[in-house]
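# Tertiary structure, described
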Amino acid sequence: MRRVLNKKINKFILFLVIFLMTIGIFNYKVLKVHGYPLFRKIQHELILYKTKDYKTKETEHFIIRYPMEDEKIIDLVAKASEKHYKEVCDRFNYHPEHKTTVIVYDNPEDLMNNASLKQGKPPMGVYFASTIQILSPRLWIPQGEEIEEIFMNEGPMVHEFTHLLVDDLTRGNYPLWFTEGVALYQEYLQTGYVWGETLSYEEKPYTVEELTDDFHKLDMMLAYKRSFEIVKEMVEREGFDEINQLLKDLGYGRSFEAIFAK
Ligand SMILES: [Zn+2]
């Protein structure tokens, strides 16, 4: 009787181990997408703490933080943030629950630190942990130029805000090239800007596998160009709903490679 019971217990333990392993293997991404919002929230709170002494300006959908006296620039950032908000959100069929934090810096080093960028030239703007962090346009638009027109049409607001939507919708489950492609494509829709139009490939354009596995090792300009083209082709062939469906599936924790292969 005891031996039978032992056998039963052993069988049960074996079954349990196999069951848990199966869940672990197949649902690693599902676990990851559930933990991600909390992880991002912690990073977000840390950035808010680091910028707690900054001034703030609130608009309908954004809270802008800034350390400088330049109110004129902040008004421009506010205007550019709100300008495409509705159209972009409508396209993704998603409106963020909270106002989006935008941080404007007049010191590039602060941007690098708060956006966890380790090396390279400070970018015009960056999306990081639910925040859009940008350099004051005074730092990259030469004096005497039409600052308002350039910032509205070539500034980073649509691009970085799109990264935020992709991040929210997918819960962080996306390859880098894909969020870049989607962001560049939104810029194209809103401002008509075609990324890398004058660049040409010396060899064959990168494949999706190359973009997914080695994005940082590729020629940056050509990798961005290819990402933009792939998303554009996809939308022109299948419609934007296809992108929205893909984002939704990624948000459930499905693998990008598996969905994209379909
Ligand atoms: Zn980007």
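Residues numbered from 1 in each chain as written. Predicted model: local features only at pLDDT ≥ 70, side-chain atom pairs only at ≥ 80, totals over all residues.

## Digging into the overall build of the protein
Going by this rule: Secondary structure is summarised from DSSP: a helix means a run of H or I of at least four residues, a strand means a run of E of at least two, and numbering begins at the N terminus for each. Note on burial: count the other C-beta atoms lying within 10 Å of the residue's C-beta; 20 or more is buried, 12 or fewer is exposed, in between is partly exposed, and C-beta positions come from the backbone. Contacts here follow a simple rule: the backbone-placed C-beta atoms of the two residues must lie within 7 Å.
Scanning the protein from N- to C-terminus turns up 12 helices and 5 strands. Taking the principal axes of its C-alpha atoms as reference, the protein extends roughly 90 × 50 × 35 Å. For the protein, buried positions account for 29% of its 262 residues. Sequence separation of at least 24 residues holds for 66% of the intrachain contacts in the protein that already meet a minimum separation of 6.

## Quick word on the nonpolar core
Nonpolar side chains in soluble globular proteins generally cluster together in the buried interior. For clarity, the threshold we go by: Core membership is restricted to buried Ala, Val, Leu, Ile, Met, Phe, Trp, Tyr and Cys residues, and these are joined into a nonpolar core through C-beta atoms within 7 Å. Domain limits in this description derive from either an automatic procedure or a database domain assignment.
Membership of the largest hydrophobic core comes to 47 residues, with the highest contact counts inside it found for Ile64, Val102, Val104, Phe161 and Val182. Two domains each provide a minimum of three residues to this core, namely domain 1 (27-145) and domain 2 (173-262). Apart from residues no more than four positions distant in its own chain, phenylalanine 161 is found in contact with Val88, Thr100 and Ile132.

## A short note on the sheet that holds strand S4 (residues 125-128)
Filter applied, for reference: Strand pairing is assigned whenever DSSP identifies at least 2 bridges connecting the two strands. As a rule, the C-alpha atoms of each element are fitted with a line to give its axis, helices using only the stretch in contact, and angles between N-to-C directions run from 0 to 180 degrees.
Read from one edge to the other, the open sheet built from 5 strands follows the order S1-S2-S3-S5-S4, with strand pairing classed as mixed. Here the strands that pair on one side only, and so sit at the sheet edges, are strand S1 (55-58) and S4. For this sheet, the mean inter-axis angle between neighbouring strands, taken without regard to orientation, is 20 degrees. Bridge analysis of S1 against strand S2 (residues 62-66) gives 4 bridges, and the strand direction is antiparallel. Across the sheet, lysine 55 pairs through a bridge with tyrosine 66, a residue of S2. Contacting S1, S2 and strand S3 (100-105), helix H3 (residues 71-83) runs over the sheet at an angle of about 150 degrees to S2.

## What to know about the domain arrangement of the protein
Where interface size is given, it is often the accessible area lost as the parts come together that is meant. Note the cut-off: Under the scheme applied here, ten amino acids are nonpolar (Ala, Val, Leu, Ile, Met, Phe, Trp, Tyr, Cys and Pro), four are charged (Asp, Glu, Lys and Arg), and all others, including Gly, are polar.
Partitioning the protein into domains gives domain 1 (27-145) and domain 2 (173-262). Taken over C-alpha atoms, the centre of domain 1 sits 22 Å from the centre of domain 2. Taken together, the 10 residues of domain 1 in the interface contact 8 residues of domain 2. Listing elements by their share of the side of domain 1 that touches domain 2, those giving two or more residues are helix H2 (28-50) and helix H4 (85-92). The residue inventory of the side of domain 1 that touches domain 2, partitioned by class, reads 4 nonpolar, 2 polar and 4 charged.

## Focus on the pairing of strand S5 (residues 131-135)
Counting buried positions over the 5 residues of S5 gives 5, a clear majority of the element. A two-sided burial pattern is seen for S5, the buried positions comprising Thr131, Gln133 and Leu135 on one face and Ile132 and Ile134 on the other. Bridge count for S4 against S5 is 4 bridges, and the pairing is antiparallel. Residue pairing for S5: valine 126 is matched across the bridge by glutamine 133. Taken together, S4 and the strand that follows it, S5, pair antiparallel across an intervening segment of 2 residues, in which alanine 129 is found at a positive phi of about 45 degrees.

## Side note on unusual backbone geometry
Of note in this structure, asparagine 93 is not a glycine but carries a positive phi near 55 degrees. With respect to the helices and strands, the residue asparagine 93 is situated in the loop between H4 and S3. Its identity is not glycine, yet serine 130 carries a phi of approximately 65 degrees, on the positive side. Within the secondary structure, serine 130 is located in the loop between S4 and S5.

## Section: the packing of helix H10 (residues 220-238) against helix H11 (residues 240-251)
Just so we agree on the cut-off: Put simply, angles under 35 degrees are roughly parallel, angles over 145 are roughly antiparallel, angles from 65 to 115 are roughly perpendicular, and the rest are oblique.
Taken N-terminus to C-terminus, the directions of H10 and H11 make an angle of 115 degrees; their axes are 6 Å apart at the nearest point. As summarised for this structure, H10 and H11 are arranged roughly perpendicular, according to the angle between their axes. Residues Met234, Val235 and Glu238 of H10 touch H11, and the partners they reach there are Phe240, Glu242 and Ile243. Looking at side-chain class alone, the contact of H10 with H11 contains 4 nonpolar, no polar and 2 charged residues.

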